[in-house]
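Residue-level listing of the chains:
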Amino acid sequence: MGRGKEVNNITTFLEQKLEFRKHANAFRKLTINEGLIDFCSNDYLGFASSADLRELISSKEKAQAPQPTGSTGSRLISGNNTIAEQLETDLALFHSAESALLFNSGYDANIGLFSSLAQRGDTIITDELAHASIIDGARLSNGTRYSFRHNDLKSLEAKIKVSKGNIYIAVESIYSMDGDEAPLKALVELAEQYGAALIVDEAHATGIYGPHGSGLITHYDLEKRIFARVITFGKALGCHGAAVVGSSLLRNYLINFARSFIYSTAAPSHSHLSVSMAYQLLQKEDFQTKIHEKIQFFKKESAAIAKRFIPSNSPIQSFLIPGNNEAKQMALLLKEHRFDIRPILSPTVQEGKERLRICLHTFNSVQDIKQLLSLLIKTA
Ligand SMILES: Cc1ncc(COP(=O)(O)O)c(C=O)c1O
């Protein structure tokens with residue numbers, strides 16, 4: 001009898017939480033939007049459906065012995081193989097680091113990294129706009145957590161001054177929701193001044209900046225002054241998975257202490273081969289010039305409504321429309337014109353900072369960009 005009552009309580013709790021979301025106009029649901037013009041995915045270079053990449057992957061697969069469908073276990077048990085290790089060696093070289101360690105996703109990489117690093121008495125300081133995976137990793141650690149005002153070095157320094165133990169500072173080189181850049185050089189200097197370890201999530205900079213898209217850290221020649229970088233394969237590389245790049249010491253530490261690495265089945269070789277081929281493709285053409293030309297074109301054409309955008313030189317251009325309902329309505333209107341653009345609502349972003357997150361791609365046509373902007377200009 002008691003058990004039935006508990007289940008009823010749980011059902012009521014779940015229903016109430018969802019009702020609350022609906023009231024706040026923030027109810028999330030899965031949708032399938034086929035046949036629309038993609039201005040929302042993170043596939044900035046079009047790699048996810050690139051025929052060239054598909055061809056590279058299938059040639060590579062044909063050229064070697066058939067690979068098992070599954071990896072069969074964690075890397076520490078039965079899931080390790082030469083393909084994974086070769087990819088790590090290549091990644092380290094490409095990103096100018098001593099070593100790399102694969103994770104099954106960027107979420108896993110951040111969770112494993114931050115939760116294992118900070119011990120009781122240590123401190124993790126995150127930019128207030130840091131990705132949920134960084135926050136969750138920090139929460140799972142035993143360290144004290146602080147956040148500082150977005151891209152504000154004074155605010156960061158104030159937090160450093162009250163920090164204890166080993167200090168880890170977490171930023172993104174390009175912020176996923178605002179698309180703006182972290183002041184990386186100044187951050188490196190501040191971290192060095194206080195002996196703190198700077199960790200940079202390059203999820204949205206990989207493929208877009210630096211030599212052949214190796215990221216903003218290599219673009220600024222800062223690789224030797226950064227404690228660790230998180231690279232993800234699910235965005236510009238059009239694949240799935242991630243790596244932490246840094247010292248060999250850090251790699252060994254993560255193999256021993258990062259729980260999302262230790263206690264999870266490794267990705268299959270097919271996945272690692274795909275990533276490896278995506279890196280090959282990245283080095284074949286100058287994709288960076290292509291994407292930056294599109295970004296500059298978009299910025300020039302949107303000059304009349306520039307104030308409505310969060311300043312950004314990246315493929316992520318956020319058009320502010322305060323209010324969950326307002327942002328949703330605008331996305332629906334654009335969908336009627338076949339544009340796939342997602343509203344980003346509170347609580348994902350701060351209330352009042354609701355927006356359309358417009359993602360630019362090398363494959364977006366000049367005509368589509370012009371039509372999209374004319375619709376935004378009409379309503380602005
Ligand atoms: C900055 C940042 N870090 C990490 C992640 C997580 O990466 P993944 O999608 O590979 O789990 C994302 C993606 O949403 C991101 O934007």
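These numbers come from a predicted model, not from an experiment. (Residues numbered from 1 in each chain as written. Predicted model: local features only at pLDDT ≥ 70, side-chain atom pairs only at ≥ 80, totals over all residues. Heavy atoms only, no water.)

Details of the state of the cysteines
In protein structure, a disulfide is the covalent linkage between the sulfur atoms of two cysteines.
Then comes step 1: All told, the structure shown has 0 disulfides when counted by the stated rule.
Then comes step 2: Cysteine Cys40 shares no disulfide, and the gap to the nearest cysteine sulfur, in Cys359, comes to 6.9 Å. (Disulfide = S-S within 2.5 Å.)

Things to note about the packing of helix α3 (residues 82-94) against helix α11 (residues 269-282)
Then comes step 1: Remark: α3 packs on α11, axes separated minimally by 9 Å, with the N-to-C direction vectors making an angle of 30 degrees. Judged on the interaxial angle alone, α11 and α3 are roughly parallel. In terms of crossing hand, the pair formed by α3 and α11 is left-handed. Of α11, the residues touching α3 (which contributes Ile83, Ala84, Leu87, Leu91 and Phe94) are Ser269, His272, Leu273, Val275, Ser276, Tyr279 and Leu282. (Axes fitted to C-alpha atoms, helices over the stretch in contact; angles between N-to-C directions. Helix = DSSP H or I, 4+ residues; strand = E, 2+ residues; numbered from the N terminus. Parallel < 35°, antiparallel > 145°, perpendicular 65-115°, else oblique. Left-handed = near helix turned anticlockwise from the far one by under 90°. Contact = heavy atoms within 4.5 Å.)

Thoughts on the layout of surface pockets
Then comes step 1: Computed from the structure, the largest pocket encloses a volume of approximately 950 Å³.
Then comes step 2: Lining the largest pocket we find 24 residues, and of these Arg28, Lys29, Arg342, Pro343 and Leu345 sit closest to its centre.
Then comes step 3: Of all the secondary structure elements, the ones that give two or more residues to the lining of the largest pocket are α13 (324-336), β10 (339-340) and β11 (342-344).
Then comes step 4: If you tally residues by element for the lining of the largest pocket, the top one is α13, at 4 residues. (1 Å grid on protein atoms, 1.4 Å probe; cavity = no way out; pocket = protein on both sides within 12 Å on 5 of 7 lines; lining within 4 Å. Points joined across faces, edges and corners; volume = space filled by probe spheres on them.)

Notes on a nonpolar patch on the surface
Then comes step 1: Where nonpolar side chains cluster on the molecular surface, the patch consists of Ile10, Phe13 and Leu14 and spans about 300 Å² of accessible area.
Then comes step 2: Mapped onto the elements of the fold, Ile10 is located in helix α1 (residues 2-23). (Patch = residues over 30% accessible without salt bridge, like charges linked within 9 Å, V, L, I, M, F, W, Y side chains within 5 Å. Areas by Shrake-Rupley, 256 points an atom, 1.4 Å probe, with all protein chains shown as cover. Salt bridge = Lys/Arg side-chain N within 4 Å of Asp/Glu carboxyl O.)

Looking at the packing of aromatic side chains
Then comes step 1: Inspection of every chain in the model, using the stated rule, returns 9 aromatic pairs.
Then comes step 2: Taken together, a centroid distance of 4.9 Å and an interplanar angle of 80 degrees make the contact between Phe47 and Phe287 edge-to-face. Taken as a pair, Phe47 in the loop between β1 (37-38) and α2 (51-62) and Phe287 in helix α12 (residues 287-301) lie far apart in primary sequence, 240 residues in all.
Then comes step 3: When its relative accessible area of 1% is taken as the criterion, Phe47 is described as buried.
Then comes step 4: It is Lys22 that lies over the ring of Phe27; its NZ or CZ is 4.7 Å from the centre. (Phe/Tyr/Trp six-rings, centres within 6.5 Å; stacked < 30°, edge-to-face > 60°. Buried < 20%, exposed > 50% of the residue type's maximum accessible area, 1.4 Å probe, protein only. Lys NZ or Arg CZ within 6 Å of the ring centre and 35° of its normal.)

Here's the deal with the domain arrangement of the protein chain
Put simply, an interface is often sized by how much accessible area is lost when its parts join up.
Then comes step 1: When the domains of the protein chain are assigned, the result is domain 1 (26-44 + 286-379) and domain 2 (51-282).
Then comes step 2: Look at where the C-alpha atoms of domain 1 and domain 2 centre, and you get two points 26 Å apart.
Then comes step 3: Listed by partner, the interface residues are 20 residues for domain 1 and 19 residues for domain 2.
Then comes step 4: The largest contributions to the domain 1 side of the interface with domain 2 come from Tyr44, Phe287 and Gln288, which together make up 32% of the buried area.
Then comes step 5: For the pair domain 1 and domain 2, the number of links is 1 salt bridge.
Then comes step 6: Between Arg355 and Asp178 there is a salt bridge; the shortest N-O distance is 2.5 Å.
Then comes step 7: Inspection of the domain 1/domain 2 interface yields 11 residue pairs in polar contact (both at pLDDT 80 or more).
Then comes step 8: Partitioning the side of domain 1 that touches domain 2 into residue classes produces 9 nonpolar, 8 polar and 3 charged. (Domains from an automatic or database assignment. Buried area = accessible area lost by both parts, 1.4 Å probe. Polar contact = N/O pair within 3.5 Å; in protein donor to acceptor, adjacent residues only side chain to side chain. Nonpolar A, V, L, I, M, F, W, Y, C, P; charged D, E, K, R; others polar.)

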